[in-house]
Amino acid sequence: MTAPTSSLGRRPGETAGGGERVFGLRLEHDPRAAATARHAARPVLSAWGLDDDQLYDTLLVLSELVTNAVTHGRPPAVLHLHAAQDSPGRVQVHVSDGGPQGAPAGWAADRPVDERGRGASIVAALADTTGITDRTGTLIDHWADIPAA
């Protein structure tokens, strides 16, 4: 597993031009990806000023999007977080993957049906808006805009 580093050429959580804060992380395509993403994103989101409730909601959305990417998508899985400096608490969570892979990965497909299938509902309940964008013809970007409290 790779150590958490910014995939955007900056240190994690560093401010980009125009007052936007960004964080990017390429993830291993395995069952540990969501935990790795949460562990790496928590200190970044805290530094961006999210309170405990916002942090919890954002990490839950991030976890669901990453899990879906490694369960249903092909590699690579990449997490991107964006926050404008003038909108404390509002975070955009983006998880890119290589597009549909067909049947879910074995480790996810082995879970009982009643333990799967709620991720999209959780994300929709916590986000202002969600969507899917075909970024380059090969990468699919699943995103959610998490509101400020």
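The structure this text deals with has already been given above.
For clarity, every value in this text was computed on a predicted model and none was experimentally measured.

K.L.:
Explanation requested: the overall build of the protein in the structure shown.
P.N.:
Of the regular secondary structure elements, the protein holds 4 helices and 5 strands. Shown N-terminal to C-terminal, the secondary structure of the protein runs as helices and strands in the order β-α-α-β-β-α-α-β-β. Within the protein, the fraction of its 149 residues that count as buried is 42%. Accessible surface computed for the protein: about 7,700 Å², of which carbon and sulfur atoms make up 52%.

K.L.:
Sorry if this is basic, but what is going on with the packing of helix 1 (residues 33-47) against helix 2 (residues 52-72) here?
P.N.:
The relative placement of two packed helices is expressed as an angle between their axes plus a distance between the axes. Orientation of helix 1 relative to helix 2, taken along the N-to-C sense of each, is 150°, at an axis distance of 9 Å. Between helix 1 and helix 2, the interaxial angle falls into the category roughly antiparallel. When you trace helix 1 past helix 2, the crossing you get is right-handed. Between helix 1, through A33, A34, A37, R38, A41, R42, L45 and S46, and helix 2, the contact on the second element is made entirely by L55, T58, L59, L62, S63, V66, T67 and V70.

K.L.:
In this structure, what is going on with the packing of helix 2 against helix 4 (residues 119-126)? I would like to understand it.
P.N.:
Contact geometry of helix 2 with helix 4 gives a least axis separation of 9 Å together with a crossing angle of 145°. Where helix 2 crosses over helix 4, the handedness of that crossing is left-handed. Within the contact between the two elements, helix 2 uses D57, L60, V61, E64 and L65 and helix 4 uses G119, I122, V123 and L126. In terms of residue class, the contact of helix 2 with helix 4 is built from 6 nonpolar, 1 polar and 2 charged.

Conventions used here
Residues numbered from 1 in each chain as written. Predicted model: local features only at pLDDT ≥ 70, side-chain atom pairs only at ≥ 80, totals over all residues. Heavy atoms only, no water. Helix = DSSP H or I, 4+ residues; strand = E, 2+ residues; numbered from the N terminus. Buried < 20%, exposed > 50% of the residue type's maximum accessible area, 1.4 Å probe, protein only. Areas by Shrake-Rupley, 256 points an atom, 1.4 Å probe, with all protein chains shown as cover. Axes fitted to C-alpha atoms, helices over the stretch in contact; angles between N-to-C directions. Parallel < 35°, antiparallel > 145°, perpendicular 65-115°, else oblique. Left-handed = near helix turned anticlockwise from the far one by under 90°. Contact = heavy atoms within 4.5 Å. Nonpolar A, V, L, I, M, F, W, Y, C, P; charged D, E, K, R; others polar.

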